[in-house]
There are 2 protein chains.
Amino acid sequence: MNDKKKISMAVIRRLPKYHRYLQELLDKGVMRISSKELSKIIGFTASQIRQDLNNFGGFGQQGYGYNVQELFLGIQEILALKQTYKTVIIGAGNMGQALANYPWNQTSGFEIQALFDINPKLVGLTIHGLHIYDIETLSDYIQENQINVAFICTPKERAQEIADILSKTSIQGIWNFSPIDLDGLDDIVVENVHLSDSLFVLSYLLNEDADEESERR
Amino acid sequence: MNDKKKISMAVIRRLPKYHRYLQELLDKGVMRISSKELSKIIGFTASQIRQDLNNFGGFGQQGYGYNVQELFLGIQEILALKQTYKTVIIGAGNMGQALANYPWNQTSGFEIQALFDINPKLVGLTIHGLHIYDIETLSDYIQENQINVAFICTPKERAQEIADILSKTSIQGIWNFSPIDLDGLDDIVVENVHLSDSLFVLSYLLNEDADEESERR
DNA sequence: TAGATTGTTAATCGATTAACAATC
DNA sequence: TAGATTGTTAATCGATTAACAATC
């Protein structure tokens, strides 16, 4: 019955890029595109594009290519961007507030309901229409309001305790901005944004280039 | 002469994680660790750990394992975290300010010198000791102050014009937070943080789980 | 020395690219 | 129909894992 082959993460992580470029083509009024043309603007090989899209069944048509709108909507559907997810942000510092002020719900289904913080100076405030609650009330709030997803934006010292709390709730997913790997979240989907990891890679690449230059001498 | 084999990005992107876990071990006072023990805590296979580290020459010692401090310092060196990079942040909105307030220079060499924005209400302000300049003056500022790196935190509509300006300066690297792929930066190292891409993957994964559940029924 | 564990080669696995028959 | 382009299989490439000789 379950004949759906598991899609590899390599493919999944390319989908948002397809989504972005197809959005752009759609905005430009482009009706159809071949894998070869798409390859030129998106930077994947035409072969890879056809392989990727075929994981999800026949979007294209021989001799014609892909209908831009159909493909765009298809990928939107695969990414489940029309699903809504009730979301809270934990940690109302700079990053938490930055995420709170971004209109995620314009392109995806993440609807931010509230923020939580441990700092008494922040608790009780309202930023951009979102209330900041005491972290003590997090667990109850999640259950009462059937929250699906949490964005973790606490300092790294607090992140694991938050994860421990969340693991005992019905939360389904976590977008983790703290610079650690959270443990004990077996049935919860976790997507990490390790900013300092990314910055360290930039640091490496900056230096790698310098090394190559000095080697050439 | 150039016998240095190119290290693959797959390896490079694991290095920050080694760095984090070794930092932790160091803080705990652990002196030595085998690939097998490290495997247990970091989640890579012992074989992969040995392969990864061997890309950079002999950190370990047969029968003993790895000296934690030596390995930590070695990876710090490979990531060039002691190098300093004079950095500006372009776009002083929520994300720009969040990045400005984070102490990146505690673990890496990125030293933030200034912010830039197009909004007259922000230009002239000082946040956490950092001045916000008019974006008109960006190019001159970079040359006069020998800036190495720019963090781009503008809305997506502005990002490519910023890239165009930067491409004509001596800037070496860009940490790009705008949700597009920047063009025309041939000799500049670009590290992207596509937050909405990451969120879309979370959306997919949340739904994938749901699909599997319904299949089981 | 015996035991442990690396460094490194070989085997496997998975992802990307190439090729081409199917078909619009 | 002829030309174009997909869907899909086969070939290649690269990354991960396994195995084991080297050696501390």
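Residues numbered from 1 in each chain as written. Chains lettered and ligands numbered in written order. Predicted model: local features only at pLDDT ≥ 70, side-chain atom pairs only at ≥ 80, totals over all residues. Heavy atoms only, no water.

A.B. asks: Would you mind showing me how to read the protein's contact with DNA strand D here?
C.D. replies: Close contacts around DNA strand D come from 24 residues, with Ser35 and Gln51 of chain A together with Ser47, Gln51 and Gln61 of chain B the closest. A share of 52% of the atoms of DNA strand D within 4 Å of the protein falls on sugar and phosphate groups. A distance of 3.0 Å separates a base oxygen of DNA strand D from a polar atom in the side chain of Arg50 of chain A. Gln62 of chain A places a polar side-chain atom, nitrogen or oxygen, 3.4 Å from a base oxygen of DNA strand D. Of all elements in the fold, only helix H3 (46-54), strand E2 (60-61) and strand E3 (65-67) of chain A together with helix H4 (46-54) of chain B reach the threshold of two or more residues within the surface near DNA strand D. Examining the composition of the surface near DNA strand D, we find that four residues originate from one element, H4 of chain B, more than from any other. Residues belonging to the surface near DNA strand D are distributed by class as follows: three nonpolar, 18 polar and three charged. (Near = heavy atom within 4 Å. Polar contact = N/O pair within 3.5 Å; in protein donor to acceptor, adjacent residues only side chain to side chain. Helix = DSSP H or I, 4+ residues; strand = E, 2+ residues; numbered from the N terminus. Nonpolar A, V, L, I, M, F, W, Y, C, P; charged D, E, K, R; others polar.)

A.B. asks: Would you mind showing me how to read the relation of the copies chain B and chain A here?
C.D. replies: One copy of the chain maps onto the other through a rotation about an axis followed by a shift along the same axis. When chain B is fitted onto chain A, the two copies agree to an RMSD of 0.0 Å after a turn of 180° and an axial shift of 0.0 Å. What the rotation and shift describe, once combined, is the action of a two-fold rotation axis. By residue overlap, the copies meet face to face through one surface: 100% of the interface positions of chain B are interface positions in chain A. (Least-squares fit on C-alpha atoms with pLDDT ≥ 70 in both. Contact = heavy atoms within 4.5 Å.)

A.B. asks: Would you mind going over the domain arrangement of chain A with me for this structure?
C.D. replies: Many authors give the size of an interface as the accessible area that is lost as the parts come together. Domain parsing of chain A yields domain 1 (9-77) and domain 2 (85-196). On a C-alpha basis, the centres of domain 1 of chain A and domain 2 of chain A stand 33 Å from each other. (Domains from an automatic or database assignment.)

A.B. asks: Looking at this structure, how should I read the interface of chain B and chain A?
C.D. replies: The interface is formed by 60 residues belonging to chain B together with 60 residues belonging to chain A. Inspection of the chain B/chain A interface yields eight salt bridges. With a closest N to O distance of 3.0 Å, Asp181 of chain B and Arg20 of chain A form a salt bridge. On inspection of chain B and its partner chain A, the count reaches 18 residue pairs in polar contact (both at pLDDT 80 or more). Of all elements in the fold, only helix H1 (9-12), helix H2 (15-27), helix H6 (94-100), strand E8 (149-152), strand E9 (173-176), strand E10 (189-192) and helix H9 (195-216) of chain B reach the threshold of two or more residues within the side of chain B that touches chain A. Looking at the side of chain B that touches chain A element by element, the count peaks at 17 residues for H9 of chain B. Residue classes in the side of chain B that touches chain A are distributed as 33 nonpolar, 15 polar and 12 charged. (Salt bridge = Lys/Arg side-chain N within 4 Å of Asp/Glu carboxyl O.)

A.B. asks: Looking at this structure, how should I read the nonpolar core?
C.D. replies: Side chains that are nonpolar tend, in soluble globular proteins, to be buried together. Formed by 108 residues in total, the largest nonpolar core has its most connected members in Leu99, Phe151 and Trp175 of chain A together with Leu99, Phe151 and Trp175 of chain B. Setting aside residues up to four positions removed in sequence, Leu99 of chain B forms contacts with Leu195 of chain A together with Ile89, Trp104, Ile112, Phe151, Cys153, Trp175 and Phe177 of chain B. (Core = buried A, V, L, I, M, F, W, Y, C linked by side-chain atoms within 4.5 Å. Buried < 20%, exposed > 50% of the residue type's maximum accessible area, 1.4 Å probe, protein only.)

A.B. asks: Mind showing me how you'd approach the protein's contact with DNA strand C here?
C.D. replies: Near DNA strand C you find 24 residues, and of these Ser47, Gln51 and Gln61 of chain A together with Ser35 and Gln51 of chain B are the closest. Protein-proximal atoms of DNA strand C, defined as those within 4 Å of the protein, fall in sugar or phosphate at a share of 52%. In this structure, a sugar or linking oxygen belonging to DNA strand C sits 2.4 Å away from a side-chain N or O atom of Gln61 of chain A. Those elements that provide at least two residues to the surface near DNA strand C are H3 of chain A together with H4, strand E2 (60-61) and strand E3 (65-67) of chain B. Top element by residues in the surface near DNA strand C is H3 of chain A. It accounts for four residues. The residue makeup of the surface near DNA strand C, split by class, is three nonpolar, 18 polar and three charged.

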